[in-house]
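Each chain is listed here by its residues.
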Amino acid sequence: MDLTLAICMYNAEKYIEETLDCISKQTVQDFKLLIVNDCSTDKSAELVERYFIAHPRQYDMVNLPVNGGLSAGRRYVEEHANTRYIMFVDADDCPKPNLVEVLYNKISSDNDLMAVGCHLEYMGSNGEKMSGGIFLGETSKEDFYRKAAAEKLIFMQPTAVYDRLVALRVGGHNLDGFPDGKPRYRDLCEDLDLWTRMSDLYSEGKAIVVVPKVLCRYRKHQSAMSANSIGMILRMRHIKSNLKRRRRNEPELTFIDFKNSISQAEMTKLEREAKAADLLRQGYYNFKAGKIFKGVGQLCSSVAANPSYFYQKIKHNLLGIK
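First things first, this report covers the structure right here in the doc.

Cut-offs applied
Residues numbered from 1 in each chain as written. Predicted model: local features only at pLDDT ≥ 70, side-chain atom pairs only at ≥ 80, totals over all residues. Heavy atoms only, no water. Helix = DSSP H or I, 4+ residues; strand = E, 2+ residues; numbered from the N terminus. Buried < 20%, exposed > 50% of the residue type's maximum accessible area, 1.4 Å probe, protein only. Contact = heavy atoms within 4.5 Å. Areas by Shrake-Rupley, 256 points an atom, 1.4 Å probe, with all protein chains shown as cover. Arc of directions from axis to C-beta. Phe/Tyr/Trp six-rings, centres within 6.5 Å; stacked < 30°, edge-to-face > 60°. Lys NZ or Arg CZ within 6 Å of the ring centre and 35° of its normal. Pairing = 2+ DSSP bridges. Right-handed = clockwise from strand over helix to strand, strands pointing away. Core = buried A, V, L, I, M, F, W, Y, C linked by side-chain atoms within 4.5 Å.

1. With respect to the overall build of the protein chain
Then comes step 1: The secondary structure content of the protein chain amounts to 12 helices and 9 strands.
Then comes step 2: Out of the 322 residues belonging to the protein chain, those deemed buried represent 48%.
Then comes step 3: Summarising the internal contacts of the protein chain: among those between residues at least 6 apart in sequence, 80% fall at separations of at least 24.
Then comes step 4: As presented, the protein chain carries roughly 15100 Å² of accessible surface, and 53% of it is formed by carbon and sulfur atoms.

2. Considering helix H2 (residues 44-54)
Then comes step 1: Those residues of H2 lying buried are Ser 44, Ala 45, Leu 47, Val 48, Tyr 51 and Phe 52. Buried residues of H2, seen end-on, are gathered within an arc of 160° and therefore sit on one face of the element. The exposed set on the far side of H2, more than 90 degrees from its buried face, consists of Ile 53 and Ala 54.
Then comes step 2: Where the residues of H2 are buried, they touch strand E1 (3-9), helix H1 (16-24), strand E2 (32-37) and strand E3 (60-63).

3. Some remarks on the packing of aromatic side chains
Aromatic ring pairs: the centre-centre distance and the angle between the two ring planes describe each pair.
Then comes step 1: Summed over all chains, the structure comprises 9 aromatic pairs.
Then comes step 2: Here the aromatic rings of Tyr 85 and Tyr 104 are separated by 5.8 Å at their centres, their planes lie at 85°, and the arrangement is edge-to-face. Here Tyr 85 is found in strand E4 (residues 85-88), whereas its partner Tyr 104 is found in helix H4 (residues 99-108), with 19 residues between them in sequence.
Then comes step 3: What makes Tyr 104 buried here is its relative accessible area of 12%.
Then comes step 4: Chaining the aromatic ring pairs together yields one cluster made of Tyr 51, Phe 52 and Tyr 59.
Then comes step 5: For Arg 57, the ring lying beneath its charged end belongs to Phe 31, and the centroid distance is 4.7 Å.
Then comes step 6: The aromatic ring of Phe 88 is capped on one face by Arg 74, whose charged end is 5.0 Å from the ring centroid.

4. Let's talk about the side chain of Thr 159
Then comes step 1: Within the element layout of this structure, Thr 159 appears in the loop between helix H5 (141-149) and strand E8 (160-163).
Then comes step 2: Not counting the four nearest positions on each side in its chain, Thr 159 is found in contact with Phe 88, Leu 99, Leu 103, Gly 117, Cys 118, Leu 120 and Cys 216.

5. Concerning the pairing of E2
Then comes step 1: Within E2, 5 of the 6 residues are buried, which leaves it mostly tucked inside the rest of the structure.
Then comes step 2: For E1 and E2, the ladder comprises 6 bridges, and the chain directions are parallel. Counterpart to Cys 8 in the pairing with E2 is Val 36.
Then comes step 3: Between the parallel pair E1 and E2, the chain is carried across by H1, and the sense of this crossover is right-handed.
Then comes step 4: Two elements, E2 and E3, share 4 bridges in a ladder whose sense is parallel. Bridge assignment links Val 36 to a residue of E3, and that residue is Val 62.
Then comes step 5: The parallel pair E2 and E3 is bridged by H2, and the resulting crossover is right-handed.

6. Things to note about helix H3 (residues 70-80)
Then comes step 1: Within H3 the residues assigned to the buried category are Ser 71, Ala 72, Gly 73, Arg 74, Arg 75, Val 77 and Glu 78.
Then comes step 2: Of the surrounding secondary structure, the elements contacted by the buried residues of H3 are E1, E2, E4, E8, helix H6 (164-169) and helix H7 (190-198).

7. Some remarks on the nonpolar core
Then comes step 1: By size, the foremost hydrophobic cluster in this structure holds 66 residues, and its most contacted members are Trp 195 and Met 198.
Then comes step 2: Not counting the four nearest positions on each side in its chain, Trp 195 is found in contact with Ala 115, Ile 154, Met 156, Gln 157, Ala 160, Tyr 162 and Ile 208.
Then comes step 3: By size, the runner-up hydrophobic cluster in this structure holds 11 residues, among which are Leu 234, Phe 255, Phe 258 and Ile 262.

Following this line, the structure appears as structure tokens:
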């Protein structure tokens, strides 16, 4: 099997053993396993070492010298793995036993495929069942070609197997041109950026598809309620802008240059949209948790902050932010 399965890990001591159990139960095991420890300050690395003493198998663990975040960890794997294909599993997720087998068999069966994803179902911080999941992506090459030709962003789950060399050809996970410090913009929409840049190769017959099966449980933390909405909005617009620039054979803009090009009036509009998104998300979770009055108040505040945003969510059936 020409595959490296990588786990980028930072302070994952609460979950890493459960994730490794799921990896150990995969129906195929002849992949390389790489753990990238991004300067964890807890017992994550120690727990990994203990786990494989009790459950021996081949694995490598790299301890990065500086905490660089998710994109830096993934770029490290893209540059240092020696297999054609790579797959990332989050350090707190629970792959189903056939995840690796199904995705690897799919991508290795067709040389046109440069990435293959799957559906994910949600679970809570403590492993409790939650409704919903991530069911994005095109299921056929033909549908992907149409979407890519129309200059659409390519949304797909991060749990995917992809061709490492193809990813590097388009730049891999992008680390350059972002401001220092927090928020770490390069870690926002990082997979959307990679899939969308890879989509340029549709003109060569290359494709990204999704197997429409739930093959992994994705842990949804309550902290996701405080997501950096304005950062996500800016990154998506940056990715879209560069997609259009590439298709016109124009040089891409760094994120710094893109952000500096936005007028104050446009930034104010985007901040209202971000506020509406945060209130809508919080209101939905509180409503679902039985905090009816608080939830309704936040939903009303979301409408007041940006009525058109709320309308679009209803229109596209995205109110159920899971």
